[in-house]
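# Reading the structure
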Amino acid sequence: MEQRISLITLGVADVARAKAFYEQLGWRGQEVEETVFFQAGGLALVLWGRDKLADDAGIEGPGTGALTLAQNVRSQAEVDEVIATATKAGATVTKPARETFYGGYAGYFADPDGHLWEIAWNPGFTLAEDGSLTVPDFSAMN
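Now for a quick tour of the structure.

What counts and what doesn't
Residues numbered from 1 in each chain as written. Predicted model: local features only at pLDDT ≥ 70, side-chain atom pairs only at ≥ 80, totals over all residues. Heavy atoms only, no water. Core = buried A, V, L, I, M, F, W, Y, C linked by side-chain atoms within 4.5 Å. Buried < 20%, exposed > 50% of the residue type's maximum accessible area, 1.4 Å probe, protein only. Helix = DSSP H or I, 4+ residues; strand = E, 2+ residues; numbered from the N terminus. Contact = heavy atoms within 4.5 Å. Patch = residues over 30% accessible without salt bridge, like charges linked within 9 Å, V, L, I, M, F, W, Y side chains within 5 Å. Areas by Shrake-Rupley, 256 points an atom, 1.4 Å probe, with all protein chains shown as cover. Salt bridge = Lys/Arg side-chain N within 4 Å of Asp/Glu carboxyl O. Pairing = 2+ DSSP bridges. Axes fitted to C-alpha atoms, helices over the stretch in contact; angles between N-to-C directions. Arc of directions from axis to C-beta. Polar contact = N/O pair within 3.5 Å; in protein donor to acceptor, adjacent residues only side chain to side chain.

## Describing the nonpolar core
Judged by nonpolar contacts, Leu69, Val73, Val79, Val82, Ile83, Ala86, Ala91, Tyr105, Phe109, Trp117 and Ile119 together constitute the single largest core of eleven residues. At four residues, the largest contribution of residues to this core is made by helix H3 (residues 76-88). Residues in contact with Val73, not counting those within four places in the same chain, are Arg4, Glu78, Val79, Val82, Ile119, Ala120, Trp121 and Leu127. Membership of the second largest hydrophobic core comes to ten residues, among which are Leu7, Val46, Phe125 and Val135.

## Focus: a nonpolar patch on the surface
A cluster of nonpolar residues, Phe21, Leu25 and Trp27, forms a patch on the protein surface that exposes about 300 Å² of accessible area. Residue Phe21 is classed as partly exposed on the basis of its relative accessible area of 45%.

## Remarks on the sheet that holds strand S4 (residues 43-49)
As summarised here, the arrangement of the eight strands in space is S2-S3-S4-S1-S5-S8-S7-S6, forming an open sheet in which the pairing is mixed. Sheet topology places strand S2 (29-32) and strand S6 (92-99) at the edges, where each strand pairs with a single neighbour. With strand direction ignored, the average angle separating the axes of adjacent strands in the sheet is 20°. In this structure, strand S5 (residues 67-72) lies alongside strand S8 (residues 116-121), joined through five bridges in parallel fashion. In the sheet register, Asn72 faces S8, and the bridge partner there is Ala120. Along the sheet face, helix H1 (residues 15-24) touches strand S1 (7-12), S2, strand S3 (35-40) and S4 and points at about 145° away from the line of S4. Packed on one face of the sheet, H3 meets S6, strand S7 (105-110) and S8 and runs near 10° to S7.

## So, the pattern of salt bridges
Scanning the model with the defined rule gives six salt bridges in all. Ionic pairing is found between Lys19 and Glu31, a salt bridge with its closest N-O pair at 3.7 Å. Note that Lys19 is positioned in helix H1 and Glu31 in strand S2, a separation of twelve residues in sequence. Two residues, Asp56 and Lys95, come together in a salt bridge whose shortest N-O distance is 3.4 Å. Placement of the pair is Asp56 in helix H2 (residues 50-57) and Lys95 in strand S6, with a sequence separation of 39 residues. Both residues of the pair, Asp56 and Lys95, belong to the buried class.

## Things to note about H1
Taken together, the buried positions of H1 are Val15, Ala18, Lys19 and Tyr22. Along H1, the residues classed as buried sweep out an arc of 100° about the axis, all on the same side. Of the exposed residues in H1, the ones pointing more than 90 degrees away from its buried face are Ala16, Arg17 and Gln24. Buried positions along H1 lie against S1, S2, S3 and S4. Residue Asp14 occupies the N-cap position of H1, its side-chain oxygen lying 3.1 Å from the main-chain nitrogen of Ala16. After H1 finishes, the residue Gly26 shows a positive phi value of roughly 100°.

These results come straight from atomic positions and should not be treated as a statement about function.
Here it is in structure tokens:
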């Protein structure tokens, strides 16, 4: 597993309220399907409803901190490789890798302390050679 984080997803009770808060801090994001994406240097901070996050991760309730760390990888095979490596290191798979609603491939694991990680291949999020991710311009996709 490469030493980097692609996305930090915060599970929130009210997406609109959370978006307004971050906007008050000077952050500018893009909302797509009740999900808000903020470019944050070389990674993205994402706001998503707690219930949707829990459902996507295959867990009951919002989790201990309603936070998911995510790493985008370059292929479906790499998703499987990273999850297998994490499992061997002591992680618990909470949702086996599978095709996603957005046309990608992803799975989740919890580290020994219960922190959730999503490992995903997303054809819409291009990775630079150094592994950095840039959130696409969703407005250009409509």
